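# Remarks on the overall topology
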Amino acid sequence: MTISNSSVPPSSAGAAALPRIAVLATGGTIAGSAADAANTAGYKAGVVGVDQLLAAVPALSSVARLAPEQIASVDSKDMALPLWTTLAQRINTLLASDDVDGVVITHGTDTLEETAYLLHLTIKSDKPVVLTAAMRPASALSADGPLNLLNAVTVAAHASARGQGVLVAFNNRIHSARDVVKTSTYAVDAFQSPEIGALGWVQDGRVEFQRRVLRAHTLASEFAIGAAWPQVEIVASYAGVSRIAVDALVAAGVRGIVVAGTGNGSIHQSLQQALVDAVARGVPVVRSSRVGSGHVMRNGAAADDALGFVGAGALNPYKARVLLMLALAAGVTDAAALQKVFDTY
Ligand code: SIN
C-alpha cells in the first residue's frame, strides 16, 4: 500500500521519517457546514470531504504522512450496523499493513462513544486508533474540528498511544473508548470519562498518558467483527413505566435487551416482571443505569442471580448494547457466561 496525502504534502525531506496515519472520514459535525458562520446548531453534518478537512490544517504535514479515505458521509445519529462492519474491517485491513502506523477516524459526536467501544473490542492490532469529532461545524466561528483533528493525528503518531486500545482525542484530552461519553449537547468540552477521568492529554504536539486501561481490548478481545448483528434493544425504567415495550420486543424476536435502570440499575416492578418473563423466554437481559456515572452493582438494586439478569458494571446502556451484540454474535447466551464477558470487558 502506498501512503500519500494529496491534501497535505510533506513539507521537508524529514517528512519521509514521519509516521504514516490513515485518516478515515465518516461524516459528523466536524464535516458539517452552515450558510452562516455564527450558526452552530442549524447546519448539515457530513458534507465537507476529508481532503478539505485535512487541507484546513496545514500543521498536519509536520506530524504525519496522511492517507485520507472517505468511508461515509453520515450524521452519526444515523449510524448503521453495516457501516460499523465496513469501518472495522477497513481499519483491520489497514493496520495489518506494514505501511500504516495508526488510524484516525473523524466521526459525529452523537454516537461516537458507541463506535469507539465497538472498535475497541474488534480491532486486531495494538497500533493506535484514535477517533475525533467536533461540536461546531467546519464553517463556524471558532470551529473546534481543526485542532481536534491535529491532536488526534498527533496522538495516533505517538509511540505511547500503542497498546492503549481505541482512543478518543477531543478538546485536548485523550479518553479510553471504554470510558468516554458525550456529556454536553453544545459545549466544546463535550466528552468526559465520568468518575475516572481521561487517560491523558495532548497539547501543542505533546502527548502524555497518566493512566492505562486495565480491561481487555483489541488484541486481547475474543470478539471479532462479523457480518451478522443480533437484534438488541434498550428499554428504560421510569415512573409509571409499563411492560408494553418489553413484551413487544420479545414478540418481535429480539435477541437481547439492555435495561437503563434508575439509580444503581433498579427497575420498576412492572418492567422487572416483563424482563423476568423475557429471560424465561430465552432473551438475555443486561441491567445498566440511566444515571450516566458510577456502576451497577451485581445483586445490588436487583437480585440478578435469582432473576437471571446480567450486570453491566460501569458500561452505560449504549455501550452495554454493543458488548451484548458482540457476545451474542459469538454464541454467548447463558447469563453466567454473559456476566463473565461483562466482568472482563
Ligand atoms: C453527528 O453526530 O454526526 C452530528 C453531531 C455532531 O457531530 O456533533
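These numbers were taken from a predicted model, which means no experiment stands behind them.

How each quantity is defined
Residues numbered from 1 in each chain as written. Predicted model: local features only at pLDDT ≥ 70, side-chain atom pairs only at ≥ 80, totals over all residues. Heavy atoms only, no water. Helix = DSSP H or I, 4+ residues; strand = E, 2+ residues; numbered from the N terminus. Expected span 1.5 Å × (residues − 1). Buried < 20%, exposed > 50% of the residue type's maximum accessible area, 1.4 Å probe, protein only. pLDDT = per-residue confidence, 0-100. Contact = heavy atoms within 4.5 Å. UniProt positions renumbered as here; feature names shortened; annotations may be inferred. Pairing = 2+ DSSP bridges. Axes fitted to C-alpha atoms, helices over the stretch in contact; angles between N-to-C directions. Arc of directions from axis to C-beta. Domains from an automatic or database assignment. Buried area = accessible area lost by both parts, 1.4 Å probe. Salt bridge = Lys/Arg side-chain N within 4 Å of Asp/Glu carboxyl O. Polar contact = N/O pair within 3.5 Å; in protein donor to acceptor, adjacent residues only side chain to side chain. Nonpolar A, V, L, I, M, F, W, Y, C, P; charged D, E, K, R; others polar. Phe/Tyr/Trp six-rings, centres within 6.5 Å; stacked < 30°, edge-to-face > 60°.

## Remarks on helix α4 (residues 145–156)
For α4, built from 12 residues, the straight-helix expectation of 16 Å at 1.5 Å per residue is met to within 8% by its first-to-last C-alpha distance of 16 Å. For α4, the tally of buried residues reaches 10 of 12 residues, placing the bulk of the element in the interior.

## Quick look at the confidence of the model for the protein
Here the protein averages 95 in pLDDT, and 96% of its residues register 70 or above. Across residues 1–11 the pLDDT falls below 50, and counting only partners more than four positions away or on other chains, this stretch makes 30 contacts in the model.

## What about the UniProt feature "active site" (unreviewed entry) in the protein?
If you check UniProt for "active site" (unreviewed entry), the listed places come out as T29 and T109 in our numbering. A maximum C-alpha distance of 7.4 Å among these annotated residues, which run over 81 residues, shows that they cluster at one spot. As for its placement among the helices and strands, T29 is situated in the loop between β1 (20–27) and α1 (50–55). Accessibility expressed as a relative area gives 7% for T29, which makes it buried. In this structure, T29 is in contact with Y43, A45, G108, A134, M135, R136, P137 and A138, ignoring residues within four places of it in sequence.

## Some thoughts on the sheet that holds strand β6 (residues 173–176)
Read across the sheet, eight strands follow the order β2-β1-β3-β4-β5-β6-β9-β10 without closing on themselves; strand pairing throughout is mixed. Only two strands of the sheet have a single neighbouring strand rather than two, namely β2 (65–74) and β10 (206–209). Each strand of the sheet is rotated relative to its neighbour by a mean of 20°, with strand direction disregarded. α4 rests against β1, β2, β3 (102–106), β4 (129–132), β5 (166–170), β6, β9 (200–203) and β10 of the sheet, and its axis sits at about 160° to β3.

## With respect to helix α5 (residues 244–251)
Buried residues of α5: V246, L249 and V250, and no others. Taken down its axis, α5 places every buried residue within 95° of arc, on the same side. Facing away from the buried surface of α5 by more than 90 degrees, the exposed residues are I244 and A251. The elements touched by buried residues of α5 are β11 (232–236), β12 (256–261) and α6 (269–280). Downstream of α5 by a residue or two, G253 has a phi angle that is positive, lying close to 90°.

## Some remarks on the domain arrangement of the protein
Domain boundaries in the protein define domain 1 (13–220) and domain 2 (232–344). For domain 1 versus domain 2, the distance between C-alpha centres works out to 30 Å. The interface of domain 1 with domain 2 comprises 17 residues on the first partner and 16 residues on the second. In total, domain 1 and domain 2 occlude about 1,300 Å² of area from one another, counting both sides; carbon and sulfur atoms represent 60% of this. Inspection of the domain 1/domain 2 interface yields zero salt bridges. Put simply, domain 1 and domain 2 have seven residue pairs in polar contact (both at pLDDT 80 or more) between them. Those elements that place two or more of their residues in the side of domain 1 that touches domain 2 are α2 (81–95) and α3 (112–122). Top element by residues in the side of domain 1 that touches domain 2 is α3. It accounts for six residues. The residue inventory of the side of domain 1 that touches domain 2, partitioned by class, reads 10 nonpolar, one polar and six charged.

## Quick word on the packing of aromatic side chains
Applying the stated criterion across every chain yields a total of three aromatic pairs. Seen in terms of ring centroids, F223 and Y345 are 5.1 Å apart; in terms of plane orientation they differ by 55°. Their pairing is tilted. Of the two residues, F223 sits in the loop between β10 and β11 while Y345 sits in the segment after α9 (335–344), which places them 122 residues apart along the sequence. Y345 shares its class with F223; the two are buried.

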